[in-house]
Amino acid sequence: MPAPAEVGPARGAGNCASNHPRPAAEPPPPAGPGAAPPVPPTGRQPVHPPPEGLGKGRGGGKTPDSHERHAMDLQIQDARVIDGTGTPSHPADVGITDGRIVAIRKPGEPPLTARRTLRAHGLALAPGFIDMHAHSDLALLRDPDHSAKAAQGVTLEVLGQDGLSYAPVDDRTLGEVRRAITGWNGDGSDIDFDWRTVGEYLDRLDRGIAVNAAYLVPQGTVRMYAVGWDDRPATPQQLDHMRQLVATSMEEGAVGMSSGLTYTPGMYATDSELTELCRVVARYDGYYCPHHRSYGAGALEAYEEMVRLARDAGCSLHLAHATMNFGVNKGRAPELLALLDDALASGADISLDTYPYTPGCTTLVAMLPSWASEGGPEAILGRLRDDATAERIRHHMEVVGADGCHGVPIDWGTIEISGVSHLGLADCVGKTVAEAAAQRGEAPWTTARRLLVDDGLGSTILQHVGHEENVQAIMRHPVHTGGSDGILQGDKPHPRAYGTFPHYLGHYARELGVLSIEETVAHLTSRPAARLRLPDRGLVREGYRADLVLFDPDTVAAGSTFASPRTLPVGIPYVLIDGKFVIEDGRRTGVLAGRSVRRTPGVR
């Protein structure tokens, strides 16, 4: 396909990021007759096929408004519009002014007039992709370039995942959480932690970031703040404190609450405690996003637990990285989907996200049994240094099946070291624990124990335990959305951090035909926008924000591989956020058009 041509002012004109952040919950333009309603909740009314009324643009595209009578900021000519509804693509020109789509013209309709024209020559024009499960909480502050996501066409990431992040905190909690998730985000020594609340963190993002970001209040951090690291029920006073922390965080703009129920200290919460917190989330029309208690042995029971809990709380549910991993779950995805279909048929509001790969990614310390993790990082290290306790840990992991390893006895040949914090351990990266142990002539647990202690619990791993048939079956489901679960730390990160979205488009849509290209785009755009209750994102529609991606359906592909995980994708030459080019001619522009995307105020 020929490269797009461009006429008008010099390249880059009009792309400077504003020094004034957008309002926290800026409403869409006033709606007139025929205006598109907010996208409905995903579980109640999937966006594919499009809900009634969604096929009409603001103003219906019939009556020219002031934008059309005057030159627009930008027009994208001769694009193949894949609008996010899942319906067939169509050729059109798209006009943009003040960061919004103001006109869409099909062939034969009156032409647009703009100060700048980008000739797409049939490139696909889609809404920007929404990463429903991102671990860029510090990366967005540390790395203004952030091409890992921007180059994929991602225009919005959802942070605060798996129950552990950096707000709300006090001074003690901040130090503890930084230590606990060093493997996800680094130790933060290069970050000025000038926030403590969710609102202050979102304000920090509003100074200018590469892509937009929404935030889930992390239940594990909330428990760390109010209860500590002990494996015990919260007192009534502590539960009240947690309720207030969640309510305040929602009022400040969080879109929901996450949990990491195989991570300490979030895993110590009982179902009744989680239900009480979810009731608070439901009052603010947010959603609950659990990394549930098992993805291995007992996975279906863990999914059932979350569906039941959300129903009891009256809360919308979004299942994080909803996989069926380990040998015990080979071929069992249909059982999970039947469970979800039954719940949806009974009126539940449920969605899920997955990444299009079989291996998982987490930290090595997450594999330990929960009893060995009680008390926090220093207590863990103390147990690992004690020979007798370390032997108990080994037995639990290798023979019994630790809850940290999802109830399955660990196979050290599936655990690949993907990153370390201590440079002296770099020779372990890229090897499985079994391989590293064989080179040293020692037992795998001896190697793993040494790595945990010497790296201060900061090592990340790939866990090769997935099944391709499960991956494909789950991604076909109507409430499925895309999430990278991308950890950007380490010398050899999971390629999903750099390749999830082009991998969906290139490998699974074009090469395998698991979904059509239009259906795939819907899974990556309008469906997550519906879950996030965003009334003006996720579709190519008049009045919607100009968060857009232009890609070549014939060539788009992930460049990242397990051997070269930081390679950028191909076939995505243009990405716009708020009408500004953040990727232009396949290169990062340096524009920081991203801001926080906050829950719309209101309590029900």
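Predicted, not measured: the structure shown is a model, and the values here were computed from it.

Chemist: Sorry if this is basic, but what is going on with the sheet that holds strand S17 (residues 480-482) here?
Modeler: Sheet strands pair via backbone hydrogen bonds, and the direction of the pair is either parallel or antiparallel. Across the sheet, 8 strands lie side by side as S7-S8-S9-S10-S11-S12-S13-S17; this open sheet has parallel pairing. Bordering the open sheet on either side are strand S7 (129-131) and S17, each of which pairs with just one other strand. Neighbouring strand axes in the sheet, compared pairwise and without regard to direction, differ in orientation by 30° on average. Where strand S12 (residues 316-319) and strand S13 (residues 350-354) come together, 3 bridges link them in parallel fashion. When the sheet's bridge partners are listed, His318 is paired in S13 with Ser351. With respect to the sheet, helix H10 (residues 299-313) is in contact with strand S11 (287-291), S12 and S13, its orientation differing from that of S12 by roughly 160°.

Chemist: Just checking my understanding: could you explain unusual backbone geometry for this structure?
Modeler: Excluding glycine, most residues fall at negative phi; most peptide bonds, likewise, are trans. Look at the link from Ala167 to Pro168: it is a cis peptide, with omega at 0°. Secondary-structure assignment places Pro168 in the loop between strand S8 (154-159) and helix H4 (171-180). Phi at Asp578 is positive, roughly 55°, even though this residue is not glycine. Relative to the helices and strands, Asp578 is located in the loop between strand S19 (574-577) and strand S20 (580-584). Asp578 sits in the buried class, given a relative accessible area of 13%.

Chemist: Honestly, the nonpolar core in this entry has me stumped. Any pointers?
Modeler: Side chains that are nonpolar tend, in soluble globular proteins, to be buried together. One finds Tyr288 and Phe551 to be the most contacted residues of the largest nonpolar core, which totals 123 residues. In terms of residue count, the dominant contributor to this core is H10 (8 residues). Residue contacts for Phe551: discarding those within four places in its chain leaves Ile82, Leu123, Ala124, Ala126, Phe129, Leu505, Ile517, Val521, Val556, Gly571, Ile572 and Pro573. Residues Leu381, Ile410, Ala448 and Leu457 belong to the second largest nonpolar core, which totals 31 residues.

How each quantity is defined
- Residues numbered from 1 in each chain as written.
- Predicted model: local features only at pLDDT ≥ 70, side-chain atom pairs only at ≥ 80, totals over all residues.
- Heavy atoms only, no water.
- Pairing = 2+ DSSP bridges.
- Helix = DSSP H or I, 4+ residues; strand = E, 2+ residues; numbered from the N terminus.
- Axes fitted to C-alpha atoms, helices over the stretch in contact; angles between N-to-C directions.
- Contact = heavy atoms within 4.5 Å.
- Buried < 20%, exposed > 50% of the residue type's maximum accessible area, 1.4 Å probe, protein only.
- Core = buried A, V, L, I, M, F, W, Y, C linked by side-chain atoms within 4.5 Å.

Geometric values such as these leave the question of function open.
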